[in-house]
Amino acid sequence: MKWDRACSSEDVLPTEKPGYYFLTWSEYGLKLKQRWEEKRASQQACGGASEVDPGPRPVFQKLIEYSEEIKHEGRTIQVISPYKIRQQTLKNPPTSIQGWPVWFRMQDRNSPAVTVLTEEHKNMGKTKIQVTDLVLGTRTTMPCLQEKWIDEKRGATKWLKDDLLEKLRDTKCSVVAKSWESQEENLSVWRISFSGLERECVSSLPPEPKICLIIMKGIRRKFLSKPKGLISYHMKTVLFHTLDKIGSDWKISDRAENILRLLAAVAEALKPRSLPLYFEPRLNTLESMDAGTAAELGRKVQEIICSPRVLLEGCLFQSMDEDHNKEHFEKGKEVNPVWFDGKPPEPSMFGEEDLCG
């Protein structure tokens with residue numbers, strides 16, 4: 001599956017697992033790569049370029065360094081490895097945010113994310129703390145959704161209108177670094193990201209379903225964070241599937257009932273450990289959860305459903321204040337303080353000379 005752009009240096013190659021891809025060099029990219037390497041060799045032979053040039057490295061050079069050869073369908077191909085990029089990031093924490101002290105938490109575990117905390121001093125002695133997860137990703141020109149998914153939703157969903165479905169159809173996807181286990185050998189795969197589609201869908205909702213989603217996330221954080229297994233994304237997925245069945249015209253007076261309905265859907269998903277990813281139903285978002293964890297979380301969900309506390313509607317949700325944000329962040333495995341003076345220069349694709357010319 002190739003990009004549509006004629007001047008793209010990379011292809012997106014599907015793997016056996018739906019939603020997972022290799023990022024490979026296109027024929028055009030391989031030609032550029034060869035020309036770039038020949039140019040570098042010529043410059044070095046003439047003394048015109050040192051082995052290590054000062055200043056930021058061109059993006060194209062980084063792509064070469066992050067490439068590796070793998071066997072795929074009986075042939076050897078070069079792929080761009082998200083694992084290599086991540087390892088380089090762990091060795092050299094970025095220093096690219098303007099103006100504020102920043103802490104980067106690098107967790108060399110199976111999560112592909114790097115967590116960033118910034119502190120911005122405001123008026124009246126107040127401090128604004130922002131915690132952000134950054135995940136390595138790249139844009140493609142592939143459509144996010146299959147036509148089959150669009151066609152099925154047209155006749156089944158009670159909340160996605162035709163104009164929104166058309167907008168989703170036209171959305172191009174990104175691929176992001178996937179999670180991996182420490183013993184896993186194949187670390188060259190990228191995973192499709194539906195975050196753009198999810199933002200469009202949530203933005204299209206009226207206020208009440210959004211409020212219920214916030215409450216569900218608060219319930220998960222307060223009561224269902226242990227044992228580790230359920231995340232906020234599962235709450236959003238349950239909401240989307242529920243909206244398919246009953247629509248999005250929710251009333252404030254029915255908030256408690258809707259929260260109970262969503263909790264019941266979570267409990268039902270935990271029993272068989274099956275919660276299909278909304279935009280790619282062939283993928284199960286609970287696939288990696290073990291039976292013991294699912295049983296314990298299911299028991300806790302049932303306790304919440306049977307508890308009168310849930311009838312307090314929105315009162316269960318407690319937003320994370322600034323101190324909670326910082327305390328939660330500092331419990332991480334490693335915190336590296338990073339300081340900076342200004343915005344770094346924008347990276348160039350090929351260096352001083354554009355090889356497309």
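Note that the structure is a prediction, hence the values are computed from the model and not measured.

Participant: Even after reading the chapter, I still don't get the packing of aromatic side chains, so can you show me in this structure?
Facilitator: Centre-to-centre distance and the angle between the planes together describe a pair of aromatic rings. Tallying each qualifying case throughout the model produces eight aromatic pairs. Plain terms: the ring middles of Trp-149 and Phe-279 are 5.4 Å apart, the flat faces sit at 40° to each other, and that makes the pair tilted. Here Trp-149, found in helix 4 (residues 147-156), pairs with Phe-279, found in the loop between strand 11 (276-277) and strand 12 (280-284); they are 130 residues apart in sequence, far enough to count as distant. For the pair formed by Trp-149 and Phe-279, the shared burial category is buried. Every member of this aromatic cluster is reached through a ring pair, and the members are Trp-149, Trp-159, Phe-194, Phe-240, Tyr-278 and Phe-279.

Participant: Would you mind going over the pattern of salt bridges with me for this structure?
Facilitator: Pairs may arise between side chains of opposite charge once their charged atoms sit close together. With the rule as written, the count across this model stands at 14 salt bridges. A salt bridge links Lys-167 to Glu-200; the shortest N-O distance between them is 3.2 Å. Taken as a pair, Lys-167 in helix 5 (residues 162-170) and Glu-200 in helix 6 (residues 195-203) lie far apart in primary sequence, 33 residues in all. Beyond isolated ion pairs, a larger network of salt bridges with shared partners links Glu-147, Arg-154, Asp-162, Glu-166 and Arg-169.

Participant: Before we go on, may I ask you to explain the pairing of strand 4 (residues 75-80) in this structure?
Facilitator: As judged from the six bridges shared by strand 3 (residues 67-72) and strand 4, these two strands associate in the antiparallel manner. Residue pairing for strand 4: Glu-69 is matched across the bridge by Gln-78. Between strand 3 and the antiparallel strand that follows it, strand 4, lie two residues; Glu-73 among them carries a positive phi value of about 55°.

Participant: When you look at the packing of helix 8 (residues 232-246) against helix 9 (residues 255-270) in this model, what are you seeing that I'm missing?
Facilitator: Between two packed helices, the angle of one axis relative to the other and the distance separating the axes together describe the packing. Relative to each other, helix 8 and helix 9 sit at 115°, their axes nearing to 10 Å. In terms of axis orientation, helix 8 runs roughly perpendicular to helix 9. The two elements helix 8 and helix 9 cross, and the hand of that crossing is right-handed. Listed contacts from helix 9 to Met-235, Val-238, Leu-239, Thr-242 and Ile-246 of helix 8 are Asn-258, Arg-261, Leu-262, Ala-265 and Val-266. Looking at the contact of helix 8 with helix 9, its residues break down into seven nonpolar, two polar and one charged.

Thresholds applied
Residues numbered from 1 in each chain as written. Predicted model: local features only at pLDDT ≥ 70, side-chain atom pairs only at ≥ 80, totals over all residues. Heavy atoms only, no water. Phe/Tyr/Trp six-rings, centres within 6.5 Å; stacked < 30°, edge-to-face > 60°. Helix = DSSP H or I, 4+ residues; strand = E, 2+ residues; numbered from the N terminus. Buried < 20%, exposed > 50% of the residue type's maximum accessible area, 1.4 Å probe, protein only. Salt bridge = Lys/Arg side-chain N within 4 Å of Asp/Glu carboxyl O. Pairing = 2+ DSSP bridges. Axes fitted to C-alpha atoms, helices over the stretch in contact; angles between N-to-C directions. Parallel < 35°, antiparallel > 145°, perpendicular 65-115°, else oblique. Left-handed = near helix turned anticlockwise from the far one by under 90°. Contact = heavy atoms within 4.5 Å. Nonpolar A, V, L, I, M, F, W, Y, C, P; charged D, E, K, R; others polar.

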